[in-house]
Amino acid sequence: MSARRPTLAVWKFASCDGCQLTLLGCEDELLTLADTIRIAHFPEASSVRVEGPWDLSLVEGSVTTPEDAERIREIRRASKHLVTIGACATAGGIQALRNFADVEAFTRQVYARPDWIATLATSDPIAAHVPVDFELRGCPIDKGQLLEVINAFVYGRRPQIPASSVCEECKRAGHVCVMVAHGTPCLGPVTQGGCGALCPGCHRGCYGCFGPKETPNAPALSAWLSRLGMGRDELVRVYRTFNANADTFREESLRHERDTDH
Amino acid sequence: MSETRTIEVDYLARVEGEGALYVRTEGDRVEEVKLRIFESPRFFEAFLRGRDFREAPDITARICGICPVAYQMGAAQAMEQICGVHMDAELEDLRRLIYCGEWIESHALHVFMLHLPDFLGYPDAITMAKDHPELVRKALRLKKIGNALMRLVGGREVHPVNLRVGGFYRTPTVDELAGIREDLVWGLDAAAEAAEFLAGLEFPDFEMDYEFVALVHPDEYPIIHGRIGSSSGIDVPVSDYDRIFTETHVVHSNALHSHLTESGRPAFMGPMARFALNRERLTPKAAALADRSGLGTVCRNPFKSILVRTVEIAFAFEEALRLLDAYRPIARPAVEASPRAGTGFGATEAPRGVCYHRYTLDEAGIIRDAKIVPPTSVNQPTIEADLHSLVQSHLDLPDDQLRHRCEQAIRNYDPCISCATHFLDLTVERG
């Protein structure tokens with residue numbers, strides 16, 4: 001008889017489903033994966049629900065409602081390891097733009113009866129509510145990195161996910177630097193790699209889907225972006241997308257927002 | 001005295017996003033049916049205000065990881081209309097090609113991994129693979145080819161990076177595209193084979209008198225262009241969308257409901273609507289497959305949507321092959337757009353139906369107003385009407401069977417709740 005297969009649970013909070021879809025997008029690996037681990041809770045793919053505790057919980061999405069905040073605590077209690085997948089769960093996602101605005105005004109703009117909508121003032125990363133064992137970056141996450149993380153936790157080792165920049169991947173891929181050669185604004189120097197430098201490969205600047213790299217120097221990059229002609233509002237916006245609430249990007253956008261000299 | 005009975009599903013499985021179902025019956029009457037959408041709101045329309053018009057395709061893509069291209073393209077079209085951009089025909093063809101990829105991956109996911117397990121009695125495709133290994137392997141390969149096509153044109157399958165207002169950042173070379181041709185040929189055959197297998201499934205005897213709404217186009221099966229047409233004779237430009245539909249906020253759903261303004265009726269969007277209104281413009285092999293699948297000229301049984309989706313998979317492969325064979329190097333990857341003030345409209349056929357966009361820009365190209373209506377949002381009242389009718393005619397079934405039938409009826413629509421909330425949990429209460 002084979003040893004007990006570790007159990008996997010996949011959870012959704014506020015998100016677009018793209019990161020959990022990445023697991024179903026492992027078309028070549030999915031059936032093998034399902035032999036190695038037992039998919040115990042994955043409502044988007046299966047109506048089977050195996051009660052916890054679970055060995056590995058993958059969490060997609062950000063915490064945006066009072067119920068979310070309670071639910072993530074229950075999931076954490078029942079999970080041996082908890083890994084966030086993607087920019088929403090790791091940094092709050094695009095919906096964290098509310099953190100810079102008045103969420104009541106947002107609700108009034110979208111819904112006729114704002115009083116029927118229960119929502120928190122901020123969109124929070126999972127780690128703001130419970131301890132997280134590993135945060136996988138990306139909007140969306142990369143399939144290869146997801147498989148690496150699952151493997152690592154199944155076999156009890158740390159995931160090998162580099163925290164270096166898109167620039168390094170870009171050089172290795174042999175792309176021409178879009179900023180140096182064409183003056184195209186690019187967040188590559190401050191953004192963590194993992195996508196494979198997709199944007200420069202398409203002749204556009206990186207727009208930061210994987211969030212800040214380790215030890216980023218955003219002010220130095222901003223100075224270059226200014227020289228390329230970006231004004232204050234553009235500098236605020238360029239850091240304020242899918243990882244707007246990640247520390248470095250948040251601070252840098254706030255710094256430009258406060259800057260009245262522009 | 002009549003007995004109250006409730007049937008509930010508090011977290012619907014095999015749909016994209018978070019929803020629930022609540023049904024209450026009193027004696028032999030269905031009193032209440034609610035498709036509850038509790039997915040958290042994310043407020044896209046609010047935070048698009050104040051953004052540059054060129055940012056809209058990347059931001060709106062994040063509404064949905066399954067059909068990002070629908071959002072990117074609707075947003076781009078609206079901006080192009082405002083800026084007076086006339087798109088090059090070859091760029092429009094390349095847009096249609098990547099959209100074929102999105103139809104293939106999204107439909108293959110739904111047909112084989114989310115919907116088919118209901119018909120064959122499995123909880124999921126992975127369990128189904130133990131008894132039907134070849135079927136599931138082929139399904140996964142179909143899906144994979146759709147994703148590969150999106151990656152080839154768009155850079156990646158979830159949230160492609162290569163689409164922009166005016167076209168693309170970089171256009172693929174003829175050689176790059178040629179690499180996928182063999183897979184497309186295989187996919188067309190595999191979809192046809194799958195359709196024959198699926199046509200042999202047992203379908204519940206259930207039909208409704210729907211008001212089908214889809215894009216209609218004189219020359220092509222609609223994907224990225226067309227007027228808004230309906231089975232009752234609506235035929236208007238996309239810019240009239242807000243006039244023909246009225247959106248309302250109901251307490252049990254974080255996704256706004258829609259009704260046709262004039263008749264007050266709910267609308268049906270998606271593959272069955274496209275098929276009903278555009279069947280004669282299917283590509284030849286897909287049209288022949290529709291005949292062999294017994295679909296007739298119109299299909300009103302939502303359980304048979306699985307057949308229509310499969311015909312559309314075949315169509316998307318056939319169309320992608322045509323576009324690929326006609327592909328020549330493109331002189332400019334995008335038409336430059338200069339901002340100007342105004343309001344513009346965009347609508348394309350997302351895998352689940354018409355996805356509508358409206359934006360207003362100021363003279364600097366900053367978004368001042370945004371409205372986005374995903375098809376699942378429109379389909380909510382139609383799904384509730386189906387459930388009402390279905391429960392009413394199956395009150396003799398025990399709760400668990402009735403619950404399962406209800407869940408299946410919801411999955412007929414391939415609802416994308418993440419899209420619609422800006423959207424699912426089943427409760428049946430019997431009285």
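Below you will find a few notes about this structure. (Residues numbered from 1 in each chain as written. Chains lettered and ligands numbered in written order. Predicted model: local features only at pLDDT ≥ 70, side-chain atom pairs only at ≥ 80, totals over all residues. Heavy atoms only, no water.)

## Some thoughts on the overall build of chain A
- Looking only at helices and strands, chain A has twelve helices and five strands in total.
- Here the C-alpha radius of gyration of chain A, 20 Å, is about what a compact globule of 262 residues would show, namely 18 Å.
- Each principal axis of the C-alpha distribution contributes one length, and for chain A these read about 70 × 50 × 25 Å.
- Taking all 262 residues of chain A together, the buried fraction comes to 56%.
- If you sum the accessible surface of chain A, you get close to 10,800 Å²; carbon and sulfur atoms cover 52% of it.
- With 28 positive and 32 negative side-chain charges, chain A shows a spacing of 2 Å between the two charge centroids. (Helix = DSSP H or I, 4+ residues; strand = E, 2+ residues; numbered from the N terminus. Rg over C-alpha atoms; globule rule 2.2 N^0.38 Å. Buried < 20%, exposed > 50% of the residue type's maximum accessible area, 1.4 Å probe, protein only. Areas by Shrake-Rupley, 256 points an atom, 1.4 Å probe, with all protein chains shown as cover. Lys, Arg positive; Asp, Glu negative; His and termini not counted. Charge placed at Lys NZ, Arg CZ, Asp CG, Glu CD.)

## Details of the packing of aromatic side chains
- Tallied over the entire structure, the rule returns 16 aromatic pairs over all chains.
- Clustering of aromatic rings is evident, with ring pairs tying together Tyr210, Phe212, Phe268 and Tyr413 of chain B.
- One Lys or Arg, arginine 240 of chain A, reaches over the ring of phenylalanine 100 of chain A and ends 3.9 Å from the middle of that ring. (Phe/Tyr/Trp six-rings, centres within 6.5 Å; stacked < 30°, edge-to-face > 60°. Lys NZ or Arg CZ within 6 Å of the ring centre and 35° of its normal.)

## Examining the packing of helix H6 (residues 133-154) of chain B against helix H8 (residues 181-199) of chain B
Residue and element names in this part refer to chain B.
- Between H6 and H8, the least distance of the axes is 10 Å, while the angle of their chain directions is 140 degrees. Classified by the angle their axes make, H6 and H8 are oblique. Our pair here, H6 against H8, has a crossing hand that is left-handed. Listed contacts from H8 to Leu135, Lys138, Arg141, Leu142, Ile145 and Leu149 of H6 are Asp183, Leu184, Trp186, Gly187, Ala190, Ala191, Glu193 and Phe197. (Axes fitted to C-alpha atoms, helices over the stretch in contact; angles between N-to-C directions. Parallel < 35°, antiparallel > 145°, perpendicular 65-115°, else oblique. Left-handed = near helix turned anticlockwise from the far one by under 90°. Contact = heavy atoms within 4.5 Å.)

## Some details on the environment of asparagine 99 of chain A
Residues and elements named next belong to chain A.
- Residue position: asparagine 99 is located in the loop between helix H4 (87-91) and helix H5 (103-110).
- Taking the C-alpha atoms as reference points, asparagine 99 and aspartate 124, separated by 25 residues in sequence, lie 8.8 Å from one another.
- In this view, asparagine 99 contacts Ala121, Thr122, Ser123 and Asn245; residues no more than four positions away in its chain are not counted.
- From its side chain, asparagine 99 meets the backbone nitrogen of serine 123 in a polar contact 2.8 Å long. (Polar contact = N/O pair within 3.5 Å; in protein donor to acceptor, adjacent residues only side chain to side chain.)

## Some words on the sheet that holds strand E4 (residues 79-85) of chain A
Residues and elements named next belong to chain A.
- Read from one edge to the other, the open sheet built from five strands follows the order E2-E1-E3-E4-E5, with strand pairing classed as parallel. Every other strand in the sheet has two partners, leaving strand E2 (38-41) and strand E5 (134-136) as the edge strands with one partner each. Each neighbouring strand pair of the sheet contributes to a mean axis angle of 30 degrees, computed without reference to strand direction.
- In this structure, E4 lies alongside E5, joined through three bridges in parallel fashion. Within E5, the residue paired with valine 83 across the bridge is phenylalanine 134.
- Seen against the sheet, helix H3 (residues 66-77) touches strand E1 (7-12), strand E3 (54-60) and E4 and runs at an angle of roughly 130 degrees to E4.
- Most of the contacts of helix H6 (residues 143-154) go to E5, to which it runs at about 165 degrees, and overall it touches E3, E4 and E5. (Pairing = 2+ DSSP bridges.)

## Topic: unusual backbone geometry
Residue and element names in this part refer to chain A.
- The omega angle of the peptide bond from glycine 52 to proline 53 is 0 degrees, so this bond is cis rather than trans.
- By secondary structure assignment, the location of proline 53 is in the loop between E2 and E3.
- Omega for the bond connecting cysteine 139 with proline 140 falls within 30 degrees of zero, at 10 degrees, which places this linkage in the cis form.
- In this fold, proline 140 is placed in the loop between E5 and H6.

## Some remarks on the interface of chain B and chain A
- Counting residues at the interface gives 63 residues for chain B, matched by 60 residues for chain A.
- Across the interface of chain B and chain A, roughly 5,200 Å² is buried in total on both sides, 62% from carbon and sulfur atoms.
- Summed over the shared surface of chain B and chain A, the result is six salt bridges.
- A salt bridge links lysine 143 of chain B to glutamate 27 of chain A; the nearest nitrogen and oxygen atoms lie 3.0 Å apart.
- Where chain B packs against chain A, one counts 22 residue pairs in polar contact (both at pLDDT 80 or more).
- Within the residue set of the side of chain B that touches chain A, elements represented by two or more residues are helix H1 (44-47), helix H2 (56-61), helix H4 (89-120), helix H5 (125-131) and H6 of chain B. (Buried area = accessible area lost by both parts, 1.4 Å probe. Salt bridge = Lys/Arg side-chain N within 4 Å of Asp/Glu carboxyl O.)

## A word on the nonpolar core
- By size, the foremost hydrophobic cluster in this structure holds 184 residues, and its most contacted members are Leu58 of chain A together with Phe112 and Tyr359 of chain B.
- Here this core gets 16 residues from one element, more than from any other, and that element is H4 of chain B.
- In terms of domain composition, this core takes at least three residues from each of domain 1 (7-154) and domain 2 (166-258) of chain A.
- Leave out the neighbours within four places in its chain, and leucine 58 of chain A touches Leu8, Ala9, Val10, Trp11, Leu23, Val83, Ile85, Leu146 and Ile150 of chain A. (Core = buried A, V, L, I, M, F, W, Y, C linked by side-chain atoms within 4.5 Å. Domains from an automatic or database assignment.)

## Section: the layout of surface pockets
- Put simply, the largest pocket is a space of about 980 Å³.
- Contributing to the lining of the largest pocket are 34 residues, with Pro185 and Arg204 of chain A together with Arg54, Glu55 and Tyr169 of chain B lying nearest its centre.
- Contributing elements (two or more residues each) for the lining of the largest pocket: helix H11 (232-239) of chain A together with H2 and strand E4 (163-164) of chain B.
- When grouped by side-chain class, the residues that make up the lining of the largest pocket number 20 nonpolar, five polar and nine charged.
- Roughly 630 Å³ of internal volume is contained in the second largest pocket. (1 Å grid on protein atoms, 1.4 Å probe; cavity = no way out; pocket = protein on both sides within 12 Å on 5 of 7 lines; lining within 4 Å. Points joined across faces, edges and corners; volume = space filled by probe spheres on them. Nonpolar A, V, L, I, M, F, W, Y, C, P; charged D, E, K, R; others polar.)

## Quick notes on the environment of threonine 260 of chain A
- One can find threonine 260 of chain A in the segment after helix H12 (247-258).
- Spatially, the C-alpha atom of threonine 260 of chain A lies 50 Å from that of alanine 45 of chain A, the residues being 215 residues apart in sequence.

## Looking at the side chain of aspartate 88 of chain B
All names here are of chain B.
- Here aspartate 88 shows up in the loop between helix H3 (68-83) and H4.
- Judged by its relative accessible area of 14%, aspartate 88 falls in the buried class.
- The residues touching aspartate 88, leaving out its near neighbours within four places in the chain, are Arg332 and Val335.

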